[in-house]
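Chain by chain, the residues run as shown.
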Amino acid sequence: MRRHLFLFFFSWLALYGRAITVTDTIFDRQAYEDSFAFGADVSFVPMMESWGTKWLDKNGRQKDILQILKEQGINSIRLRVWTVSSGASSKQEVVSMCKRAKAKGMSVMIDFHYSDTWADPGSQTIPAAWTDHSVDALAKHVYDHTYDVLSAIKAAGVVPRWVQVGNETKRGMLYPVGQTNKGGSVAFAKFVLNGYNAVKAVDSTMQVIVHLPDGHDNSLYRSIFDGLKKNGAKWDIIGLSAYPRWSHLDGPTMITRVMSNITDLKSRYGKPCMVVETGHYPREALVGNQYLVGLMDRMLKNGDMTGCFYWEPESMGGYDMGAWDETTKMPTIMMDAFLGIKHTQVSWLMKAEMQKPAAQQTLAEHEEVLLAADVKHVRNRVSAVDFYFDKTHVGTVTSAPYECGAGQAEIGVHTAWAKAADSDGNVQATDTVAFYVGQWGALGAPLTQDATQKGGTARWGVSLAAAGRYRLVFDHYSTSLHGAELWVDTDSLSRIFFLRSNRMHSLDVSFSSPGFHELRLRATSTSGLPAISELLVFPLDGQAVPEASGLSAIRCQEPAGAGSVVSVYTLSGVFVGYLSADELGVDLSERPSAVVRLPYIVGGTPYIVRKQRLK
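Below you will find a few notes about this structure. Quick caveat: nothing in here was measured; it's all calculated off a predicted structure. (Residues numbered from 1 in each chain as written. Predicted model: local features only at pLDDT ≥ 70, side-chain atom pairs only at ≥ 80, totals over all residues. Heavy atoms only, no water.)

**Description of unusual backbone geometry**
Worth spelling out the cut-off: Comment: elements are numbered from the N terminus, with helices defined as DSSP H or I runs of at least four residues and strands as E runs of at least two.
Backbone torsion omega between Tyr 175 and Pro 176 reads -5 degrees, so that peptide bond is classified as cis. Its location among the elements puts Pro 176 in the loop between β6 (172-173) and β7 (178-179). The step from Lys 356 to Pro 357 runs through a cis peptide bond, and the omega angle for that step is -10 degrees. Of note, the phi angle at Tyr 114 is positive, near 55 degrees, even though the residue is not glycine. If you trace the backbone, Tyr 114 turns up in the loop between β4 (107-112) and α5 (135-155). You will see that Asp 489, though not glycine, has its phi angle at about 55 degrees, which is positive. Within the secondary structure layout, Asp 489 lies in the loop between β26 (482-488) and β27 (491-498).

Printed below as a string of structure tokens:
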């Protein structure tokens, strides 16, 4: 019994120690297809494709990266523009990417950096061709460059939906001329206004965004936008970056502060807000998924029907905040946020424990068998519990209490288990419970001889009050198929095959007389005998429960004290047990060992007996 109880305990211990990921649909993604930009900046794509980068979808199939992003819920892409004449983020490359996006049915955001390279809070370098120009000349360059790029995109058949005039302009742009903390607030406002006018001149439907970093910092946004407003700049949307990493905030705190800032900005300036950059660590994809879906859910519920863009989700090979797994080349679960799906990891989802019958319980013959399971779910989403009796499905229960009748069972050993399922399709099964019907006697561990070899034997002694039919049940553990021959006294009765998948093997035997009988299993396969922990004997004809009876020739335990005792070995040298020298009638005073035939052992097999060292 102890073995069954330990198996039961450790199975539940494993359940509690296992982390299970649960998915929830947080918002209806399709309901916001036309009103909200589920976006991604993909400016690295042309460069990565030139390196030979291949992306796989979540099913492991190689596809165009824009197609994979679309399948992951992305309906808009963002592209940066530098003032370079060719290569990465040039006008030609951006036009080509815009055409690819339109072919996939995606909207486009253009992000003007107004630099030959990266523009961000730490660097807003004036393009080389614009160096040492006046404020008015720089403003004209902003206008001309914006107009030129957007006109080329429109000529290619694409009208961007949004245009950023500047990228993360925390202290303005075109340093130091338009640097707000060095007296450049008026110049910065003029640059923004000229960019705004150029956008509207190409197509008035395009929305102009002014973009700042640190979306949680309300004082920063008030300072910059107060200055722009005071100095005559125009914009349609306030763009925010919202990175928990760079803000040194956890996801929930970041969301709370960003949304508080958005609420204030909308009220203060009368303009909508959009998260144009965000991201998370792919190695923390679960946390990243929860942050992203939480941010978008709050925006949607707050009525901010603008959008949220992940900065370079497809990035692999250097940038450590993409949303792709660099090992599998497939999207991480962070991308599921754009489908409205949240992943939550819990220590356990469902606990399904068999209550009736209990393990090792004995039921009376003809008693009704009731199966019952205690099922708990962390979210109270149990949809059904299926019950199985001797591997046969006997009923489905859809609400508590989870109980099911299995009818009457015949004498012997039976098994029961339950399988619980929730509304998300997650499944948890109970351990298989073995129980007994009818009274029985346990003969305990057998005496074994060379059990791991073909021809090895296991022996039990049983005392019967009456002749009749009995059901034998061998409780065994087997890692492979084992063949054996069952003997009762001097008669070979049956061939038995112990299967790896069956720990209880039953067989009906008729005993012709009461009293002592020897049961013997003899291995017929090269794998020897399975490990048999005990033999249960059930009376089938109403007679008394049999009792274990020691075999008279061999003892299992080592003698407790000194005495005239010999060690008993098979001829092949396998130790069998200890025996009294008096019982053998062999004198070993003059010799260390002898070959004898043990009394009461069927077949008269010779054994070697040796002197036992006294304690």
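Additional details are given in the paragraphs that follow.
**Here's the deal with the packing of α5 against helix α6 (residues 185-202)**
Put simply, the rule reads: Here an angle of 0 to 180 degrees is reported between the N-to-C directions of two axes, which are lines fitted to C-alpha atoms, with helices fitted over the stretch in contact. Roughly parallel means an angle under 35 degrees; roughly antiparallel, over 145; roughly perpendicular, 65 to 115; everything else is oblique. Here a crossing is called left-handed whenever its near helix is offset anticlockwise from the far helix by less than a right angle, and right-handed whenever the offset is clockwise. Two residues form a contact once any of their heavy atoms are found within 4.5 Å. Polar here means any residue outside two lists: the nonpolar Ala, Val, Leu, Ile, Met, Phe, Trp, Tyr, Cys and Pro, and the charged Asp, Glu, Lys and Arg; Gly therefore counts as polar.
Between α5 and α6, the least distance of the axes is 8 Å, while the angle of their chain directions is 25 degrees. Comparing the axis directions of α5 and α6 gives the class roughly parallel. Both α5 and α6 take part in a crossing whose hand is right-handed. Taken together, the residues of α6 that come into contact with α5 (itself represented by Val 135, Asp 136, Leu 138, Ala 139, Lys 140, Val 142, Tyr 143, Thr 146, Tyr 147, Leu 150, Ser 151 and Lys 154) are Ala 187, Lys 190, Phe 191, Asn 194, Gly 195, Asn 197, Ala 198, Val 199, Ala 201 and Val 202. Looking at side-chain class alone, the contact of α5 with α6 contains 13 nonpolar, five polar and four charged residues.

**A short note on the pattern of salt bridges**
Put simply, the test is: When a carboxyl oxygen of Asp or Glu is within 4 Å of a side-chain nitrogen of Lys or Arg, the pair counts as a salt bridge. For the exposure calls, accessible area comes from a 1.4 Å probe over protein chains only, and a residue counts as buried if that area is under 20% of its type's maximum, exposed if over 50%, partly exposed in between.
Taken as a whole, this structure holds 31 salt bridges when the rule is applied. For the salt bridge of Glu 71 with Lys 63, the shortest nitrogen-to-oxygen distance reads 2.8 Å. Assessed through its relative accessible area of 35%, Glu 71 is described here as partly exposed. For the salt bridge of Arg 100 with Asp 64, the shortest nitrogen-to-oxygen distance reads 2.8 Å. In this pair, Arg 100 sits in helix α4 (residues 91-103) while Asp 64 sits in the loop between α2 (45-50) and α3 (65-71), placing the two residues 36 residues apart along the sequence. Linked by salt bridges that have partners in common, Glu 410, Arg 469, Arg 471, Asp 508 and Asp 541 make up one network.

**Section: the sheet that holds strand β18 (residues 402-408)**
Going by this rule: When DSSP locates at least two bridges between a pair of strands, those strands are taken to pair.
Spatial strand order, β13-β15-β18: three strands in an open sheet with antiparallel pairing. The sheet is open, and its two edges are formed by β13 (350-356) and β18, each paired on a single side. Strand after strand, the sheet turns through a mean of 20 degrees between neighbouring axes, direction not considered. Here β13 pairs with strand β15 (residues 368-377) via six bridges, running antiparallel.

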